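One letter stands for each residue in the lines below.
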Amino acid sequence: MGTDLHELLRSLRVWDPAVTGLPEFDPATAPAAPLALFTAWFAQAVAAGQVEPHTMSLATADEEGLPDVRTVMLHGADASGWSFATHVDSGKGRQLTARPYAALGFYWPVQGRQVRVRGPVTAAPAQEGQADLHARSTGALAAALTGRQSQVLGSPAELARASEDAWERARREPDAPVPTWTLYHLRPDRVEFFQGDAGRRHVRLNYRRAQGGWAKELLWP
């Protein structure tokens, strides 16, 4: 017997009180710039037990302007912007070369929170990208050394051989260079903070880059 997708969808509920706590959020107390609020919300998500809070959706567009999205890992957020990494010759790397503008989406359901970030993207200097890679785990280096991301794979056996070779080299050469590996910085034009509310009176605070700083505005839910 097959699954009735629509019936299954109708049976689901958002923000089950048994597992979700919806904090109060007063936008009047928000800091002048979005990075401080993001850092505070991120720390609160970690403390609340949110699984993998550093994962985020990355949306890009190809040369024809068609959208694409995937889940990646946040590598940092500071004055340079929100950072992530990939191979420059991967699908998303090629899209960012063609259209260097992207959007990020964080969802932390344990507290009913979202953060949306969008803006232009620039590639960090090569040495910065390599330093970021080598500060990560052996597995991260092995995955980067395996390479050929998004290319057509002939067989699982081909991947197994390449991965085994990459793991061996990563253990032997923890500073092995991966020339295609690139760290990207997204410098935000807009950052939106969404706090869910049980009465569906969700709080949406939008930061918009303005001359010499940030403008803040509330949005209808």
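Here the structure is a predicted model, which is why all the values come from computation and not from measurement.

Rules behind the numbers
- Residues numbered from 1 in each chain as written.
- Predicted model: local features only at pLDDT ≥ 70, side-chain atom pairs only at ≥ 80, totals over all residues.
- Heavy atoms only, no water.
- Phe/Tyr/Trp six-rings, centres within 6.5 Å; stacked < 30°, edge-to-face > 60°.
- Helix = DSSP H or I, 4+ residues; strand = E, 2+ residues; numbered from the N terminus.
- Buried < 20%, exposed > 50% of the residue type's maximum accessible area, 1.4 Å probe, protein only.
- Core = buried A, V, L, I, M, F, W, Y, C linked by side-chain atoms within 4.5 Å.
- Contact = heavy atoms within 4.5 Å.
- Polar contact = N/O pair within 3.5 Å; in protein donor to acceptor, adjacent residues only side chain to side chain.
- Axes fitted to C-alpha atoms, helices over the stretch in contact; angles between N-to-C directions.
- Parallel < 35°, antiparallel > 145°, perpendicular 65-115°, else oblique.
- Left-handed = near helix turned anticlockwise from the far one by under 90°.
- Nonpolar A, V, L, I, M, F, W, Y, C, P; charged D, E, K, R; others polar.
- Pairing = 2+ DSSP bridges.
- Lys, Arg positive; Asp, Glu negative; His and termini not counted.
- Salt bridge = Lys/Arg side-chain N within 4 Å of Asp/Glu carboxyl O.

Enumeration according to the criterion identifies 11 aromatic pairs in this entry. The interplanar angle of 45 degrees and the centroid separation of 5.9 Å between the aromatic rings of Phe38 and Trp108 together place this pair among those described as tilted. Taken together, the positions of Phe38 in helix H2 (residues 34–47) and Trp108 in strand E5 (residues 101–108) put the pair 70 residues apart, joining distant regions of the chain. In this structure, Phe38 and Trp108 share a single accessibility class: buried. Pairing Phe84 with Tyr184 gives two aromatic rings, centres 5.6 Å apart and planes at 20 degrees, and the pair type is stacked. Residue Phe84 is found in strand E4 (residues 81–87), and its partner Tyr184 is found in strand E7 (residues 181–186); the two are separated by 100 residues along the sequence. Take Tyr184: its relative accessible area is 4%, and that puts it in the buried class.

Counting 26 residues, the largest nonpolar core has Phe84, Leu104, Phe106 and Val115 as its most contacted members. Those elements that place two or more of their residues in this core are H2, strand E1 (55–61), E4, E5, strand E6 (113–123), E7, strand E8 (190–195) and strand E9 (203–210). By size, the runner-up hydrophobic cluster in this structure holds 13 residues, among which are Leu141, Ala142, Ala170 and Val178.

Residue placement: Lys92 occurs in helix H3 (residues 91–98). We classify Lys92 as buried; its relative accessible area is 12%. Taking the C-alpha atoms as reference points, Lys92 and Ala59, 33 residues apart in sequence, are found 8.8 Å from one another. Filtering out sequence-adjacent residues up to four positions away, Lys92 remains in contact with Leu58, Arg70, Val72, Thr86 and Gln149. Separated by 3.3 Å, the side chains of Lys92 and Thr86 make a polar contact.

Before going further, it helps to spend a moment on the packing of helix H5 (residues 138–146) against helix H6 (residues 156–172). Here H5 crosses H6 at 130 degrees, and the two axes come no closer than 8 Å. With respect to H6, the axis of H5 lies oblique. The element H5 and its partner H6 pack so that their crossing is right-handed. Residue-level inspection shows Thr138, Gly139, Leu141, Ala142, Leu145 and Thr146 of H5 in contact with H6, the latter providing Leu159, Ala162, Ser163, Ala166, Trp167, Arg169, Ala170 and Arg171. Residues belonging to the contact of H5 with H6 are distributed by class as follows: 8 nonpolar, 4 polar and 2 charged.

Before going further, it helps to spend a moment on the environment of Gly93. Mapped onto the elements, Gly93 comes out in helix H3. The spacing of Gly93 and Thr182 is 89 residues in sequence and 8.4 Å in space, taken between C-alpha atoms. When sequence neighbours within four positions are dropped, the list of residues in contact with Gly93 reads Thr86, His87, Val88 and Tyr184.

This brings us to the pairing of E6. Pairing geometry for E5 and E6, over 8 bridges, is antiparallel. The residue of E6 that forms the bridge with Gly105 is Arg116. Between E5 and the antiparallel strand that follows it, E6, lie 4 residues; Gly112 among them carries a positive phi value of about 65 degrees. Pairing geometry for E6 and E8, over 6 bridges, is antiparallel. Note on E8: the bridge partner recorded for Arg116 is Glu192. Pairing geometry for E6 and E7, over 3 bridges, is antiparallel. Bridged to Thr122 within E7 is His185.

Here we take up the side chain of Arg113. As for its position among the elements, Arg113 is in strand E6. Of the side chains with opposite charge, Glu24 lies nearest to the buried Arg113, which makes no salt bridge, at 9.4 Å. In this structure the side chain of Arg113 is engaged in a polar contact, spanning 2.6 Å, whose partner is the side chain of Gln195. Ignoring sequence-local partners within four residues, the contact set of Arg113 consists of Pro23, Glu24, Trp41, Gln44, Phe106, Tyr107, Trp108, Phe194 and Gln195.

These values are about where atoms sit, not about what they do.
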